[in-house]
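Notes for the structure review
So you can see what is in the structure, the chains are spelled out below.
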Amino acid sequence: MIAKKAKLQWTAVTAVNSMSGKYQTDFTLDAKQTAELISKIDAAWEEYRGAFKGKPQSLGYSEILDENGFATGIKFKATQAPQSADGKYTFKVDVYDAAAKKLGTVPAIGNGTIANVDFDIYPYTFKNNKGVKLNLRAIQILELVEYGGGSAFEAEEDDNYFVSETSFQPNI
C-alpha cells in the first residue's frame, strides 16, 4: 500500500531510531487518504481480532492533540525492525527519488519532507497483546526538507541587545 504525498516526521531509515530500535517514519495525510487508511486498518483489526476482547495494543495511528488536548488530526507510524526476532533475516528501508531511482546515499530526511510511503498493514500478536502495525517498506522523496540541526535564529540587531564576545566552544 502506498500513502501518497505524506508529510513526514521523525524519519529514521539510514539507522534505527534510538528510542524504538526500529527504522521508522511518522506521517500525516490529506483528509481523504486518512479516512481511507483508517478504514483499511480498522477492517484488518476486526478481521484479525477473532475472539480477543481487549483493546488493540496499537493500530498504527493516533490522534494529534493540541496544547489543550483537542484532536487536530491523525498521525500514522510505520516501522520496520532491523532484523527478525530469530535473527535470521535483516531488513532495510529503500529510499527513492521522485524519478523512482533508488538512492545509494540517503540524505538526512527532516520533518516536513513530502514523500510517498510504501508499507504493509500487518496484524500481529505479541505475548498477550494483539494489534495492527504499518510495516515500512520504502520511501519515495518528492520534496526533501533536509535535516540540518543548525540554528533557527537569525541575527537581531539593536544597540541594546546582548551580543557575546566569544563563540560557543564545546567541552570535549
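Check the entry above for the structure.
Residues numbered from 1 in each chain as written. Predicted model: local features only at pLDDT ≥ 70, side-chain atom pairs only at ≥ 80, totals over all residues. Heavy atoms only, no water.

**Some details on the side chain of Thr113**
Counted only if it meets this: Counting from the N terminus, the helices are DSSP H or I runs at least four residues long and the strands are E runs at least two residues long. A simple rule labels every residue: compare its accessible area, found with a 1.4 Å probe on the protein chains alone, to the largest value its type can have, and call it buried under 20%, exposed over 50%, or partly exposed in between. Any pair of nitrogen or oxygen atoms within 3.5 Å is treated as a polar contact; in protein, a donor-acceptor pairing is required on top of that, and neighbouring residues in sequence qualify only through side-chain atoms on both sides.
Topologically, Thr113 is positioned in the loop between strand E5 (94-96) and strand E6 (114-126). By relative accessible area, which is 0% here, Thr113 ends up buried. Side-chain polar atoms of Thr113 contact the backbone oxygen of Gly110, separated by 2.8 Å.

**Focus: the nonpolar core**
Defined as follows: In these notes, a set of buried Ala, Val, Leu, Ile, Met, Phe, Trp, Tyr and Cys residues joined through side-chain atoms within 4.5 Å is what counts as a nonpolar core. Residue contacts follow a heavy-atom distance rule, with two residues in contact if any of their heavy atoms lie within 4.5 Å.
Core analysis: the biggest nonpolar cluster contains 25 residues, and Leu8, Phe27, Phe76 and Val117 have the highest contact counts within it. Counting residues per element, the ones that place at least two in this core are strand E1 (2-12), strand E2 (23-28), helix H1 (31-49), strand E4 (71-80), E6 and strand E7 (129-143). The residues touching Leu8, leaving out its near neighbours within four places in the chain, are Thr25, Asp26, Phe27, Ile109, Gly110, Asn111, Gly112, Thr113, Ala115, Val117 and Ile139.

**A word on the packing of aromatic side chains**
Cut-off, in case you're wondering: Aromatic pairs are defined between Phe, Tyr and Trp rings, using the six-membered ring for Trp, whenever the two ring centres lie within 6.5 Å; interplanar angles under 30 degrees are classed as stacked, those over 60 as edge-to-face, and all others as tilted. Lysine and arginine charges are scored as sitting over a ring when NZ or CZ, respectively, is within 6 Å of the ring centre and within 35 degrees of the ring normal.
On inspection of all chains with the given rule, the structure shows four aromatic pairs. Aromatic pair Trp45 and Phe52: ring centres 6.0 Å apart, planes at 85°, arrangement edge-to-face. What makes Trp45 buried here is its relative accessible area of 4%. Measuring from centroid to centroid gives 6.1 Å for Tyr61 and Phe76, while their planes differ by 55°, and the two rings are tilted. Separated by 15 residues along the polypeptide, Tyr61 in strand E3 (residues 61-65) and Phe76 in strand E4 bring together distant segments of the chain. Aromatic ring contacts, followed pair by pair, group Phe27, Tyr61, Phe76 and Phe119 into a single cluster. Over the aromatic face of Tyr48 sits the side chain of Lys130, whose NZ or CZ is 5.0 Å from the ring centroid.

Worth remembering: the numbers are spatial, not functional.
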